[in-house]
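Coordinate analysis (summary)
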Amino acid sequence: GLKLEIVAEAARNPRVAEIVRNADTASRKSLGETIRIVRQRAGHEDDEEAIAGMIEVVATLFEGLLLRTLRHPQLDHAQLTLQVQAAIENVLAQPS
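Of all hydrophobic cores here, the largest spans six residues; its members are Ile35, Ile51, Met54, Ile55, Val58 and Val91. Sorting elements by how many residues they give to this core places helix H3 (residues 48-71) first, with four residues.

Right, here's the structure in full:
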């Protein structure tokens, strides 16, 4: 609910859009730092472009989850959680 309402308001209100974009920038930065640490511990040395791509895939998965739970409230959350975890692990395990 509320997150979708905020995004809808951001589409109409430039001030809200700026706040949403600033929050997204901060979230992407934090996620990028986490991904880089995980990848370095696994022996990968990635450039900024590779990390940025991984950030977008993971962010897209999570943002899409919000819509899926609204559109299909009866979905099997346990099974979906396993599948999303596997997808994220796959993203993080890709070769450098």
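Over its 17 residues, helix H4 (residues 77-93) extends 24 Å from the first C-alpha to the last, a length consistent with the 24 Å expected when each residue adds 1.5 Å. For H4, the set of buried residues is Val84, Ile88 and Val91. Along the long axis of H4, the arc covered by the buried residues comes to 55 degrees, so they all point the same way. Summarising the geometry of H4, the exposed residues directed more than 90 degrees from the buried face are Ala78, Leu82, Glu89, Asn90 and Ala93. Contact partners of the buried residues in H4: helix H2 (14-41) and H3. Its side-chain oxygen placed 3.2 Å from the backbone nitrogen of alanine 78, aspartate 76 serves as the N-cap of H4.

What follows covers the side chain of aspartate 46. Along the chain, aspartate 46 falls in the loop between H2 and H3. Side chain to side chain, aspartate 46 and arginine 39 meet in a polar contact 2.8 Å long. Not counting the four nearest positions on each side in its chain, aspartate 46 is found in contact with Arg36, Arg39, Ile51, Met54 and Ser96.

About the cut-offs
Residues numbered from 1 in each chain as written. Predicted model: local features only at pLDDT ≥ 70, side-chain atom pairs only at ≥ 80, totals over all residues. Heavy atoms only, no water. Core = buried A, V, L, I, M, F, W, Y, C linked by side-chain atoms within 4.5 Å. Buried < 20%, exposed > 50% of the residue type's maximum accessible area, 1.4 Å probe, protein only. Helix = DSSP H or I, 4+ residues; strand = E, 2+ residues; numbered from the N terminus. Expected span 1.5 Å × (residues − 1). Arc of directions from axis to C-beta. Contact = heavy atoms within 4.5 Å. Polar contact = N/O pair within 3.5 Å; in protein donor to acceptor, adjacent residues only side chain to side chain.

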